[in-house]
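Fold and contact review
Single-letter residue listing:
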Amino acid sequence: MPRVVVVGASFAGLYAAKGLRRVADVVLIDASDEWEFTPGVHEVLGGRRKAETILTSFHDALPGVEFVKGVAVAAHEREVHVECDGERKRVPYDHLIVCVGCAYARPIKAQLASLDRRAQLAGAQRELGDASSVLVVGGGAVGVEVAGELAANHTVTLTARESELVRDLPEAARRYALEALRSKNVRVKLNGEEERGSFDARVACYGARPRTGWLATFVDRDARGFVRVDDRFRTSMKNVWAAGDCVAKDADQYLAAYAHFEGEYVALMVASEILGKAPPGAYVPPARIVALALGPDDGVLCYGRVVVLKGRAVPWVKALVERWVVRLWPLPYELFRRLPALA
Ligand SMILES: Cc1cc2nc3c(=O)[nH]c(=O)nc-3n(C[C@H](O)[C@H](O)[C@H](O)COP(=O)(O)OP(=O)(O)OC[C@H]3O[C@@H](n4cnc5c(N)ncnc54)[C@H](O)[C@@H]3O)c2cc1C
């Protein structure tokens, strides 16, 4: 069978590997042997969950897929070079799928070389637990979720450069989020208003950067380093594909759900090449579904440009989605792309 190497075992890479394991020998490479459910990080930071509850070993979830723990450091036409425990390993491929996502400030995301993410998250949890006042920097979904979570036990200030929070959400959701945070006594400072107070702790919730430096001379990337792909997630190199947060795409598509759909779609594309079948039609992003948590007992759920749910039920919806996704149960792209968008 042809050999498919997938670099990055998270929303995009895991679903790509899952979709291909019956038609190819799939090798999955990741710096960590545990999949971190990033949408749950704010709950760990707030002390509501232990670090291990958002880390899942994927060995059992994907029988038939070979796993290599290591950091991909270079790609060539037929092989990827991976640093494994100080040794450089060459991993040959017929098709390469790059799903390496974005780096983010710690403690929100692990450094690739970080040996013990559990300890890192537990340390951040302790540090925040000891803090009384916390400055959260960043007015996107991550900053808002972290601020909402910490507000129960801390005096929280949230600063953002923008004039509004969660600008990619519909107007009604933006308003709801702002009011919810204010009702929890979060001091929200917009427009880059300078924050002069002193704080016991600071959480940076901005600055995602694609982890694609190792691909610099191999595939075309945009000025910020996102991999350029066509409407079928082909890169500039033959037989090399990319999906998820590491690709250049519309700003509102850097979400787990899209990473998953793209991973699944790439698997369809690669499978069609392997089996000599007609490829699927060009990728069409399904309608945007976002559940924004605003603390343990509040949130807002948007479908397209419409707010479909507010309040207590939203964290439950998020929890349900998590249980589904970490088991790699199906969320078929073909079904979701047919759902009507609500304007
Ligand atoms: C705090 C937080 C909360 C979020 N909440 C939500 C939410 O509620 N809903 C939502 O839809 N989205 C949410 N997102 C966004 C979502 O997490 C991302 O869109 C999603 O993780 C992207 O998936 P991915 O597979 O493309 O990349 P990632 O999840 O970033 O995974 C990339 C993988 O590649 C590995 N990797 C990277 N480089 C290398 C290398 N060189 N060698 C080997 N392995 C490598 C990494 O270890 C990692 O496992 C959140 C993001 C953050 C940071």
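Residues numbered from 1 in each chain as written. Predicted model: local features only at pLDDT ≥ 70, side-chain atom pairs only at ≥ 80, totals over all residues. Heavy atoms only, no water.

All right, on to the overall build of the chain then. Looking only at helices and strands, the chain has eight helices and 19 strands in total. What you see for the chain is a C-alpha radius of gyration of 20 Å, in line with the 20 Å of a compact globule of 343 residues. Referenced to the eigenvectors of the C-alpha coordinate spread, the extents of the chain come out at roughly 60 × 50 × 40 Å. Among the 343 residues that make up the chain, the fraction classed as buried is 52%. Partitioning the intrachain contacts of the chain with sequence separation of at least 6 by distance along the chain shows that 60% fall at a separation of at least 24. (Helix = DSSP H or I, 4+ residues; strand = E, 2+ residues; numbered from the N terminus. Rg over C-alpha atoms; globule rule 2.2 N^0.38 Å. Buried < 20%, exposed > 50% of the residue type's maximum accessible area, 1.4 Å probe, protein only. Contact = heavy atoms within 4.5 Å.)

The next subject is unusual backbone geometry. Looking along the chain, the bond that leaves R106 and enters P107 is cis, with omega of 10 degrees. The residue P107 is located in the loop between β10 (102-103) and α3 (117-130) in this model. Positive phi, close to 65 degrees, is recorded for N239, a residue that is not glycine. Take N239: it is sitting in the loop between β15 (209-210) and β16 (240-242). Located in the positive-phi region is L328, a residue other than glycine, with phi close to 55 degrees. Checked against the element boundaries, L328 lands in the loop between α7 (313-326) and α8 (333-336). According to the relative accessible area criterion, L328 is buried, its value standing at 2%.

This part covers the side chain of R232. Tracing the sequence through the fold places R232 in the loop between β15 and β16. For R232, the side chain forms a polar contact with the main-chain oxygen of P280, separated by 3.2 Å. In this structure, R232 is in contact with W241, Y265, M269, P280, G281 and A282, ignoring residues within four places of it in sequence. (Polar contact = N/O pair within 3.5 Å; in protein donor to acceptor, adjacent residues only side chain to side chain.)

Turning to the site of the ligand, a few remarks are in order. As a matter of local geometry, the ligand sits amid 31 residues, with S10, D30, T38, K109 and D245 nearest to it. Separating a nitrogen atom of the ligand from a backbone N or O atom of A72 is a distance of 2.8 Å. Measuring from an oxygen atom of the ligand, one finds a backbone N or O atom of D245 at 2.8 Å. Coverage of the ligand by the protein chains reaches 90% of its 1000 Å² of free accessible surface. Elements with a contribution of two residues or more to the shell around the ligand: α1 (11-20), β6 (71-75) and α6 (256-275). Ranked by residue count, the leading element in the shell around the ligand is α6, at three residues. Here the shell around the ligand is composed, by residue class, of 20 nonpolar, six polar and five charged. (Near = heavy atom within 4 Å. Areas by Shrake-Rupley, 256 points an atom, 1.4 Å probe, with all protein chains shown as cover. Nonpolar A, V, L, I, M, F, W, Y, C, P; charged D, E, K, R; others polar.)

Moving on, we come to the domain arrangement of the chain. When cut into domains, the chain gives domain 1 (3-115 + 207-283) and domain 2 (131-203). One C-alpha centre belongs to domain 1, the other to domain 2; they are set 31 Å apart. Roughly 690 Å² is buried in total at the junction of domain 1 and domain 2, and carbon and sulfur atoms are behind 66% of that figure. When the buried area of domain 1 at its contact with domain 2 is split by residue, H42, G46 and I108 rank highest and sum to 57% of it. Summed over the shared surface of domain 1 and domain 2, the number is one salt bridge. For R48, the salt bridge is made with E149, and the minimal N-O distance between the two is 2.7 Å. On the surface where domain 1 and domain 2 come into contact, there are two residue pairs in polar contact (both at pLDDT 80 or more). Looking at the side of domain 1 that touches domain 2 residue by residue, the classes come out as four nonpolar, two polar and two charged. (Domains from an automatic or database assignment. Buried area = accessible area lost by both parts, 1.4 Å probe. Salt bridge = Lys/Arg side-chain N within 4 Å of Asp/Glu carboxyl O.)

Any two side chains of opposite charge can pair, on the condition that their charged atoms come close. By the definition in use, this model includes 21 salt bridges. With a shortest N-O distance of 3.4 Å, R78 and D94 are connected by a salt bridge. With R78 in the loop between β6 and β7 (79-84) and D94 in the loop between β8 (87-92) and β9 (95-98), the pair connects residues that are 16 residues apart, well separated along the chain. Relative accessible area serves as the criterion here: at 30%, D94 is assigned to the partly exposed category. In this structure, R88 engages E83 in a salt bridge whose closest nitrogen and oxygen atoms are separated by 3.6 Å. A relative accessible area of 29% means that E83 is categorised as partly exposed.

This model, assessed by the stated rule, comprises twelve aromatic pairs. Taken together, a centroid distance of 4.9 Å and an interplanar angle of 80 degrees make the contact between F233 and Y283 edge-to-face. With F233 in the loop between β15 and β16 and Y283 in the loop between α6 and β17 (289-293), this pair connects stretches of sequence that are 50 residues apart. As far as burial versus exposure is concerned, F233 and Y283 are alike and both buried. (Phe/Tyr/Trp six-rings, centres within 6.5 Å; stacked < 30°, edge-to-face > 60°.)

Here we come to the pairing of β17. The element β17 is largely enclosed, with a buried count of four among its five residues. Relative to strand β18 (residues 299-303), β17 runs antiparallel, the two being bridged by five bridges. The residue bridging A293 from the neighbouring strand is G299, located in β18. From the end of β17 to the start of β18, which pair antiparallel, there are five residues, and G295 there has a positive phi angle of about 100 degrees. (Pairing = 2+ DSSP bridges.)

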